[in-house]
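# Architecture at a glance
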Amino acid sequence: MAEKIFISAEIGINHNGDLEIAKRLIDAAVLAGCDSVKFQKRTIDEVYTQEFLNSPRESPWGTTQRAQKEGLEFGEKEYREIDAYCKERNIAWFASCWDVNSQKFLRRFNLKYNKVASPVLTNIPLLKAVAEEQKYTFIATGMSTWEEIDTAVEIFQKANCPFELMHCISIYPMPLDEANLLLIPELRKRYNCPIGYSSHEIDNIATLGAVALGACSVERHITLDRNMYGSDQKASVEPLQLIEYVKQIRGMESALGSGEKILSEKELAIRKKMRG
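Residues numbered from 1 in each chain as written. Predicted model: local features only at pLDDT ≥ 70, side-chain atom pairs only at ≥ 80, totals over all residues. Heavy atoms only, no water.

### A word on the overall build of the chain
- Secondary structure summary: the chain contains 12 helices and 10 strands in total.
- What you see for the chain is a C-alpha radius of gyration of 20 Å, in line with the 19 Å of a compact globule of 276 residues.
- Projected onto its principal axes, the C-alpha positions of the chain cover 80 × 40 × 35 Å.
- Counting all 276 residues of the chain, 49% fall into the buried class.
- Restricting the contact set of the chain to residue pairs at least 6 apart, pairs at least 24 apart contribute 67%. (Helix = DSSP H or I, 4+ residues; strand = E, 2+ residues; numbered from the N terminus. Rg over C-alpha atoms; globule rule 2.2 N^0.38 Å. Buried < 20%, exposed > 50% of the residue type's maximum accessible area, 1.4 Å probe, protein only. Contact = heavy atoms within 4.5 Å.)

### Some words on unusual backbone geometry
- Between Y172 and the following residue, P173, the backbone shows a cis peptide bond with an omega angle of -5°.
- Note on placement: P173 falls in the loop between β8 (163-168) and α9 (183-191).
- One non-glycine residue, N16, lies in the positive phi region at around 55°.
- You can see N16 is positioned in the loop between β1 (6-12) and α1 (19-32).
- Residue class for N16 comes out buried when judged on its relative accessible area of 14%.

### Here's the deal with the pairing of β8
- For β8, the buried fraction is high: 6 of the 6 residues fall into the buried class.
- Burial along β8 is two-sided: the face carrying F163, L165 and H167 and the face carrying E164, M166 and C168 are both buried.
- Judged from the 4 bridges that link them, strand β7 (residues 136-140) and β8 form a sheet pairing that is parallel. Residue pairing across strands places F138 opposite E164, the latter belonging to β8. (Pairing = 2+ DSSP bridges.)

### Some points on the nonpolar core
- In terms of nonpolar packing, the biggest core is built from 73 residues, with I26, V37, F39, I82, W93, F156 and L165 touching the most fellow members.
- For this core, the element with the highest residue contribution is α1, accounting for 7 residues. (Core = buried A, V, L, I, M, F, W, Y, C linked by side-chain atoms within 4.5 Å.)

Okay, structure coming up:
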């Protein structure tokens, strides 16, 4: 059987700026048997225009987009605590950055992985900053053309940075008929690299299909409660669902077997009874 599928629980911004919620989500990922948790990091004034930040938006933190964005953002103090807590719970953590300064911020932590999120796949300076670290990088391909993926792949190949592409459909939540899972073998054929799957579906059907098609990693947004405030909550799984999610992935992984035509002892015993 192939190497165990890497399962990442995407906390993202579902912590709603609350470190205790973040810790509870880390606990849920550990309990379910995930291999890592992932966050998101932004430098607000670099990612968004001042006009956008000053525009109105009602949120628990105020009445502007700036208040909402800043309310969801963790700084060094929080990430130091997250780093320590993940070490205590023996689970890896990493983050997808939306700008170069955020990527540089993460360098103060000894992280094993990087992630390029779908919205920033065309941010060439950011891609180069990630690739120069030469850490294993998950590259999500949602919203991207072949030409845009070609450019990203070339950057990582030139930097000799190990990577995998993640098939992703950037709809939150994603209807099942939008999954287009047959892109997984197409991506593998075109780029000759590992292919993962980043999921925004409601249930687990597309993820299990991705595993059957050879995805070597899967990522899923998690939340304490899908009814909580936040744009990603509805496309997330709650702690009990996460346990079942991981269980089903491991079950599908086991069902795939080796692909070799071998008669097991159990099947040989049935053969003896039925064929004489």
